[in-house]
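What follows is each chain in one-letter form.
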Amino acid sequence: MTPPPAEAVAARLASAPVASDSKINRDILSVLDGASLKYWGLLGLVVLGVAQAVATLAYQTYIGMGVAGYSHPIFWGVYIVCFVFWVGIAHAGTLISAILYLFRAKWRNAINRGAEAMTVFAVVTAALFPLIHIGRIWKFYFMIPYPNQRGLWVNFKSPLLWDLFAINTYMTISIVFFYVGLIPDIAIARDRSSGWRKVLYTILSLGWQGTSRQWKAHNRTVLHLSGLATPLVLSVHSVVSWDFAVSIVPGWHATIFAPYFVAGAIFSGFAMVLTLLIPVRRIFGLEEYITDYHFENMSRFILLTSTIVGYAYGAEYFIAWYSGVEAERTSFFMRALGPYWISTWIMITCNAVFPQLLWFKKLRTNLPFLFVLAFLINLGMWFERYVIIITGLSREHDPAVWGTYTPSLAEMSILVGSFCWFSMFFLIFLKIFPVVAIYEVKELAIHENAHGGAH
Amino acid sequence: MVGASIALPEAGSAESAEAEHPNGDGPALVAGSICEAHELRALAAERPGTRIEIPPQYNKPYPSRSACRSHELAWDDSAPGPRQPIPFSHKHHAGEYEIPCQYCHSGTDRSQAAGVPSVETCMGCHGQLALDYDQEFEGIRILKEHWGHSYVNDNGTWKLQPRDESKAKPIQWVQVHRLPEHVQFRHNRHVKRGLDCNQCHGNLRQEAPVKVEDLDKLYLVPDTLWWKYGLPTQKLEMGWCIKCHRENEASQDCLTCHY
Amino acid sequence: MSELDRRDFLKLVGASAGAAAAVGCSDPVEKLIPYVVQPEEITPGIPVIYASTCRECPAGCGLHVRTREGRPVKLEGNPEHPVNQGTLCARGQSGIGRTYHPDRFAGPMRRGPGGELEPLAWDEALSLLAEKIQANPSGTYVLGGDVGPTAGSVVDRFVTATGAGGRVVYDPFAPEALRESTRALFGQARVPRFDLSDADLVVDFGSDFLDVGPAPTEHARQLAQARDVHNENGGVRLVHVGPRLSMTASNADEWIPAKPGSEGLVALAAAHVALRERGGDASALRSLGHVTPADAAARAGVDAATIERLGRALAAAKRPVALPPGVAGWSRRAVASAAAVLLLNHALGAVGRDVHLEREPAGRARASHREALRLVEAMNSGAVSVLIVHDADPLYSLPAASGFGKALEKVDFVVSTASMVDETAARADLILPDHTPLESWGDAEPRVGVRSLLQPTIRPLFDTRALADTLLDTGRAMGLGGQLPSGSFRTLLEQAWSGSDFRNALARGGEFRPQASGSAPVPSASAMLQVAEPMLEGEGDFALVAYPHSLLYDGRGANLPWLQEIPDPVTKVAWQSWVEVSQATADKMGLKAGDVLAVETSAGRVEVPVLPRGGIRDDVVAIAIGQGHSRGHYASLAGDGQPGETRGVSVLALLPSVTDESGGRAFLTARARVTKTGGFQRLPLLQSTDNKRKRMLGEALPLAVVKGEGHGDGHAGGHHGADLGPVYANEHAPIEAYDATADSHEDSPYRWGMSIDLDKCTGCSACVAACYLENNIPVVGEEGSVRARQMSWIRIERFVGEGYIEYVDAPERGRRPQPSNEVLGKTDVRNSPMLCQQCGAAPCEPVCPPIATYHNPEGLNGMIYNRCIGTRYCSNNCPYKVRRFNYFDYSQFNWPGLFNLMLNPDVTVRGQGVMEKCTFCVQRINAARQGAKDEGRPIGDGEVVTACQQACPSHAIGFGNLKDSGSAVSKLGDDKRGYHALHSLNTRSAITYLAKVTRDVES
């Protein structure tokens, strides 16, 4: 979709009273100060959640993977589901920051900070799961190609190795991107803070003075980073999808997987952005900066990607039938009507059906609805991965060893832990860095003033 | 060579005695055992004028001085390596007497396991030796006890009692050359290939080659804990195995050693 | 960790057992413990093999006990032994566990005042026993199983010397009815031996000779031999008559689902038809009552045409053999049924040809159920003051209704010589533990001319004493030395063998001079037997069939973990009891697998989960004998010897105490009432469905197709499958042939490959046991089995027919589809062993990040445990699902007691979190390589024998080098029946399956 011209943006923002620099600074930086008791309570809660997951992991490492629900032949479970899920979440951030930046979609400015933060935290979360998943976590370094006395090398044919590189690259880029974007705002914060914050910001702002030279350099950097990041948005989840696509498991072995996964990733990413920003906007009163207009645009994205995902679902079933391969057909029929039919239908309704309501403009700007929808989409996308992995493995080539899998308590505890881990980072982020990119919002305001004068 | 220059400890030994008699006059140094006799003779030789006295029963060539030293050093706790139940010295047996490795470690050319000699094998020789050895060496006494003998000590002399088979018990050596559980190593293949035992059990790839037959006390050569001992021995690491296999065009297939 | 691990074991060179390696956490110290005196024949690291004899069942198979550093590590068949000829069944192989079992008694024990066992010294124990006997000699009885001629004679002499009340030999499965029938018919009581080798039609009237027969290994071999498709008219036809689709029935070409106990009627009717066809004197038949096909059919619940056809087929056959009913079919009329079958054989001229009535070995102890029951009466009357029980567990294996348990309370002093705890031993006042068979001297004479020796293969691990020595010493303690033979049991054994070269016998495992069969005796028409229905006791709509579990036998197998872990070859249930009802019944009662049923007879009531089957008559429920123990590590749910909850139920608790005409034991005696309890227990079902969905697994071809021309392909090693496409009714049919020999490095002379003949595989699971024991595979127990976490590297998949494609799991069958595609009266069962196919294009290899699995130069699909990090991707990508994952650290917790001493030192014990799988016994390949290298030649054909191949009683598995076009496996690979599992995936499998051949029983 082509982005609306800056004028249009300005026009829309005009609805809100023009904000002055100082006001913008005040409003946005106000988020940082004085953490409420509620905040601390919430933070404590998620930290607790992380702690119990760590304990579970320790137990699992000591006792063995048997504490998870694996049963022959279903050897991939919730951990891999979570891995794919979080990698997916990680997509919206870069998409918004990089691609929309290149498209000069100005409306992104208010939300990109939050989205980037989410990306970083999501990918950090995702990166943990391959480790949690493997049977001998203490030997994970066998996966890394490094010269060793054994003279052993790794297998670059293995998609898991591709993953290793894809994820790490993506993590690096998104962190750099996030940080570079932060620098000017950190500087502003530095000038208004005192105590430990001052020290922190002074270090992090790398002596930002806001000189035109610095701004030039900054813009150039952001531009180039966007260039670098853009292909990653497409590549990362393609690579992840190949974990499945290159295997010979019925239901996995499909060429559609890469685009299908990327679309799904962006889809879930935007949903997660909504889930996070709607409450943030409400709690910290950022209505002026994160406006209905942003939500409407995001809704459009969600509608688009949901449609693509829906199409992919259809295509999968069609190809399974059209291929005439009995194993493929069986695998898919078992998805829809076999032991895991509930998961399958949750995934279909949440991802392909409900989002279609966004054709209605009213709903696109109805925040409570969007919030609920976003939650449902996250649920649906988690189950999408669950369905692909579990049903794929439970009905394979040899009917004599068809199996069933039920997630165990341990897996649930680590699943919950991963959400807490993610939220923990986000909560801390809220109180340390401006959740809305100040300088970019100012750019909008400047536009807005200019045109205000013209009319 | 570790421990080569270690002096004999304990009272009654030459050094301590000499400390008391700097210029060698005063009462003579009296040997209390054949081993001491050896040391005193040596002392006298290098310090003319030292008055020594060697009772006739201690004035014997055997056990030789080197035997005495080896016996001492094999149990020298200041030297690296674990203390064995018997102060056995490879230096003495394989080095000086040049007993071939496979005389004791028989079957090494047929079997994957090197095999450790049975008590019987030890007794094959030591059963023949004069009782002076029992008198001099605790090691011998321990050995014979494992064979089923016992001793009565009447003031200083050890009296060997006849063998009681039921008392015989195996010697529990501490293993010093260890491969990880998951390595299947076949001695016979390597022996048949004509490898020097020291390729692995010593270390020939360095300035001062380490040979088992030079060691009174063997180092611990563990698979993983090598870094705890800065020793010149081979670390039995995979890379090292592979290197040799590559050089000798031996199989480098994983399944050759891991299954 | 204070347990010994494999490496320590290797190091503990022959030192006294229990000397454990002290291993600290940080700086492990491992001990090297050499011999005091190293025996001549032992070189550490080189296995020593002793010949001995299996004592797991009366068949008396010959053993080769492979020992390492003085420890038995594996039991294999003795190739010279005429009974098993080098093969060994699952039960025989698992017997090794008895020696290292955690349930073993460490030494003599007595029941203290508090009822708990306390150890005491042997001489104390013996003098205690002595005085008890002296107090009332005539009140002393010896009750026990067959212990072989020499030990048996010692027992007898002890009984006479002490003036004891008597000796009762007890064997729950003793073929008394059969013996009696020969007496009734031919005037001399002999247990006939049935030889199937040259038969062209075998009719099994419920003997289940492949499940639990007189000699399963021998019969499986003979059947396979007779079944060879190259034989005249395509091999033997096997017809099974019986109520359920047993393992034997599954292997039959036709199954006549007659009512239980009606086998005799069918046999007699068939005999009449056959005689009518061939012409001959039917007078002998009439002595058993004249039974027309029509009325036999009516009474047996089959249609007359079938019996007519059977009769004509028998008449037409050149060398037909009929087998008499087995344990499950022994009713009140067992003798008559057996007689009917014998007469049928006689009418067909089989007696003297393939049915041998040899004289029985002298001094063969003859078990009599009636005697046992008399003893129970005596006990009840208080006449028995001392009861010595050996080599049997009567408290478990006698029908509860016999009242043995109550009677035991009346016995003042019960002595058990069990080497490990069982029900009877748990009630004993004095325990004088016997050696285990691997520790003992002894002999056995399974049949005349076959004298087999037992010799110790390990020094007794505990303070135990041979039964014979115990009795001799007791007698001497009573001052009866004069009346008893002097010397120890071993010397007596040598005397007993003085007639022959003892040393040579030790080396070969015995003295084998099979006798030529005597001439055919003439039946006397005077037999007063009536063939009739079984006359079942009690009410109920169902006949209760209690059949021997093919792995647990009479229950003695229940304490061996492997026999519990290996799923029942027919139902694929492990570690549990189940009651089989027909699918129709299940639908009527609304049952799904796992619903707990209450089964009630006049004698008792048990609650047991149900397993609906197509392969059982609607008017029958069946429960396997063998489970339901209350003592022991694996037999019961109790960890140690303490009383505990039983594992499963014992069907023997449901059987009234009934004997047949001869006083032999009857098992088919009760009707059962079945009610739903509403409970549910998830069964450890190790196979999800027997519907193969027309996929290229467990294929079968009609004989016509195999014999028909045009499908053969002559060319060398590995090429096959291509032109078979059309003959398989299968959408996974071969797409293109490939040259398997191209899948190893061109410089390598080898490409290891295997061939598996489904026409010979009976599903007996001997290969599975062999794999478990050769490769140190852990057992995971019931909980693990329920979660499908078994570790076996080879499993036997049992498919019924081509299967059908249904796209939905029938919801009433729950999340796991259940095996249920059997059809009453139809047998199209394909037993297909599934193990790693060592693919040339292995899907598991490219996906492994650290290259822990890879293709080795000799074509093997290597699995390097210590490189594996457990991503488990390989298993996902393996279409055969033969890779197993170490969920826990089995190496630490899986071998309680001294089990870790029997681990195979040549195979790494896998640690937690790694994948494992079959590698064609690479340790055996490398062992064979040693000899070849020393002689500077390539490994020859047949030098490498994999564990599964070695064990297979019917020689269905072939292994060798595919690059050697002369090797047996290459030749078999070229068989026109050859196909590759899931060929369409083009994994270039190294295993060629030879399709099962389906034969019609012409008439």
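Residues numbered from 1 in each chain as written. Chains lettered and ligands numbered in written order. Predicted model: local features only at pLDDT ≥ 70, side-chain atom pairs only at ≥ 80, totals over all residues. Heavy atoms only, no water.

Topic: the pairing of strand β37 (residues 991–994) of chain C
All names here are of chain C.
- Burial of β37 is two-sided: the residues Ile 991 and Tyr 993 facing one way and the residues Thr 992 and Leu 994 facing the other way are all buried.
- Here strand β28 (residues 752–757) pairs with β37 via four bridges, running parallel. The partner of Asp 757 across the bridge, within β37, is Leu 994.
- Across two bridges, strand β36 (residues 978–979) lies against β37 in antiparallel orientation. Along β37, the bridge assignment pairs Tyr 979 with Tyr 993. (Buried < 20%, exposed > 50% of the residue type's maximum accessible area, 1.4 Å probe, protein only. Helix = DSSP H or I, 4+ residues; strand = E, 2+ residues; numbered from the N terminus. Pairing = 2+ DSSP bridges.)

Describing the packing of helix α5 (residues 91–102) of chain A against helix α10 (residues 257–283) of chain A
All names here are of chain A.
- Where α5 meets α10, the closest approach of the two axes is 7 Å, and the angle between their N-to-C directions is 85°. By the angle class used here, α5 and α10 are roughly perpendicular. Residues His 91, Ala 92, Leu 95 and Ile 96 of α5 pack against Ala 265, Ile 266, Gly 269, Phe 270 and Val 273 of α10.
- Split into classes, the residues belonging to the contact of α5 with α10 amount to seven nonpolar, two polar and no charged. (Axes fitted to C-alpha atoms, helices over the stretch in contact; angles between N-to-C directions. Parallel < 35°, antiparallel > 145°, perpendicular 65-115°, else oblique. Contact = heavy atoms within 4.5 Å. Nonpolar A, V, L, I, M, F, W, Y, C, P; charged D, E, K, R; others polar.)

Here we look at the state of the cysteines
- Considering all chains together, one arrives at one disulfide over all chains under this definition.
- Sulfur-sulfur distance for the disulfide between Cys 35 of chain B and Cys 68 of chain B comes to 2.0 Å. Taking the sign of the S-S torsion, -80° for the link of Cys 35 of chain B and Cys 68 of chain B, the bridge is left-handed. Of this pair, Cys 35 of chain B sits in helix α2 (residues 34–46) while Cys 68 of chain B sits in helix α3 (residues 65–74); the two residues are 33 residues apart in sequence, bridging distant segments of the chain.
- The class of Cys 35 of chain B is buried, set by a relative accessible area of 14%.
- Unpaired in terms of disulfides, Cys 874 of chain C finds its nearest cysteine sulfur in Cys 868 of chain C, a separation of 6.3 Å.
- The thiol of Cys 918 of chain C is unpaired, and the distance to the nearest cysteine sulfur, on Cys 836 of chain C, comes to 5.7 Å.
- Cys 918 of chain C sits in the buried class, given a relative accessible area of 8%. (Disulfide = S-S within 2.5 Å.)

Looking at the confidence of the model for chain A
- Mean pLDDT over chain A: 87, with 93% of residues reaching 70 or higher.
- Within the model, the stretch residues 8–18 of chain A combines pLDDT values under 50 with 12 contacts to residues more than four positions away or in other chains. (pLDDT = per-residue confidence, 0-100.)

Description of the nonpolar core
- Judged by nonpolar contacts, the single largest core of 346 residues is most densely connected at Trp 86 of chain A together with Phe 205 and Phe 920 of chain C.
- Sorting elements by how many residues they give to this core places α10 of chain A first, with 16 residues.
- Excluding residues that lie within four positions of it along the chain, Phe 920 of chain C makes contacts with Trp 752, Gly 753, Met 754, Leu 835, Cys 836, Gln 838, Leu 860, Ile 925, Thr 946, Phe 959 and Ile 991 of chain C.
- Core analysis: the second largest hydrophobic core is formed by 38 residues, Val 142, Leu 467, Met 478 and Ala 505 of chain C among them. (Core = buried A, V, L, I, M, F, W, Y, C linked by side-chain atoms within 4.5 Å.)

What to know about the interface of chain A and chain C
- Across the boundary between the two partners, chain A contributes 64 residues, which contact 63 residues of chain C.
- Where chain A packs against chain C, one counts four salt bridges.
- Arg 795 of chain C serves as the salt-bridge partner of Asp 398 of chain A, at 2.9 Å between the closest nitrogen and oxygen.
- Linking chain A with chain C are 39 residue pairs in polar contact (both at pLDDT 80 or more), by the criterion used here. (Salt bridge = Lys/Arg side-chain N within 4 Å of Asp/Glu carboxyl O. Polar contact = N/O pair within 3.5 Å; in protein donor to acceptor, adjacent residues only side chain to side chain.)

Some remarks on the sheet that holds β37 of chain C
All names here are of chain C.
- Strand order in this open sheet of four strands is β35-β28-β37-β36, and the pairing throughout is mixed. If you trace the sheet from one side to the other, it starts and ends with β35 (957–961) and β36, each paired once.
- Summarising the sheet, β28 and β35 pair through five bridges and their orientation is antiparallel. Within β35, the position partnered with Gly 753 by the bridge is Gly 960.

A closer look at the interface of chain C and chain B
- At the interface, 44 residues of chain C touch 41 residues of chain B.
- For the pair chain C and chain B, the two sides together bury roughly 3,700 Å², of which 53% comes from carbon and sulfur.
- Applying the counting criterion to the chain C and chain B interface returns two salt bridges.
- If you look at where chain C meets chain B, you find 21 residue pairs in polar contact (both at pLDDT 80 or more).
- Of all the secondary structure elements, the ones that give two or more residues to the side of chain C that touches chain B are α1 (6–11), β1 (31–32), β32 (861–863) and α28 (922–934) of chain C.
- Ranked by the residues each element gives to the side of chain C that touches chain B, the list is headed by α28 of chain C, at seven residues.
- In this structure, strand β5 (residues 173–174) of chain B lies alongside β1 of chain C, joined through two bridges in antiparallel fashion. (Buried area = accessible area lost by both parts, 1.4 Å probe.)

Observations concerning a nonpolar patch on the surface
Residues and elements named next belong to chain A.
- On the surface, Val 353, Phe 354, Leu 357, Trp 359 and Phe 360 cluster together to form a nonpolar patch covering roughly 510 Å² of accessible area.
- With respect to the helices and strands, Leu 357 occurs in the loop between α13 (341–353) and α14 (361–364).
- In this structure Leu 357 comes out as partly exposed when scored by relative accessible area, which is 34%. (Patch = residues over 30% accessible without salt bridge, like charges linked within 9 Å, V, L, I, M, F, W, Y side chains within 5 Å. Areas by Shrake-Rupley, 256 points an atom, 1.4 Å probe, with all protein chains shown as cover.)

Comments concerning the sheet that holds strand β23 (residues 595–600) of chain C
- Read around the barrel, six strands follow the order β21-β25-β22-β24-β23-β26 (chain C) and close on themselves; strand pairing throughout is mixed. Across this sheet, the average inter-strand angle for adjacent strands is 45°, counted without regard to direction.

Section: the environment of Ile 80 of chain A
Residues and elements named next belong to chain A.
- One can find Ile 80 in helix α4 (residues 78–89).
- Exposure remark for Ile 80: the relative accessible area of 9% places this residue in the buried category.
- Each C-alpha atom, one on Ile 80 and one on Thr 406, is 14 Å from the other, the two residues being 326 residues apart in sequence.
- Ignoring sequence-local partners within four residues, the contact set of Ile 80 consists of His 133, Phe 244 and Ile 389.

Describing helix α12 (residues 304–316) of chain C
- Counted at 1.5 Å a residue, the expected span for α12 of chain C with its 13 residues is 18 Å, and the 18 Å between its end C-alpha atoms agrees.
- Along α12 of chain C, the residues classified as buried are Thr 306, Ile 307, Glu 308, Leu 310, Gly 311, Ala 313, Leu 314 and Ala 315 of chain C. (Expected span 1.5 Å × (residues − 1).)

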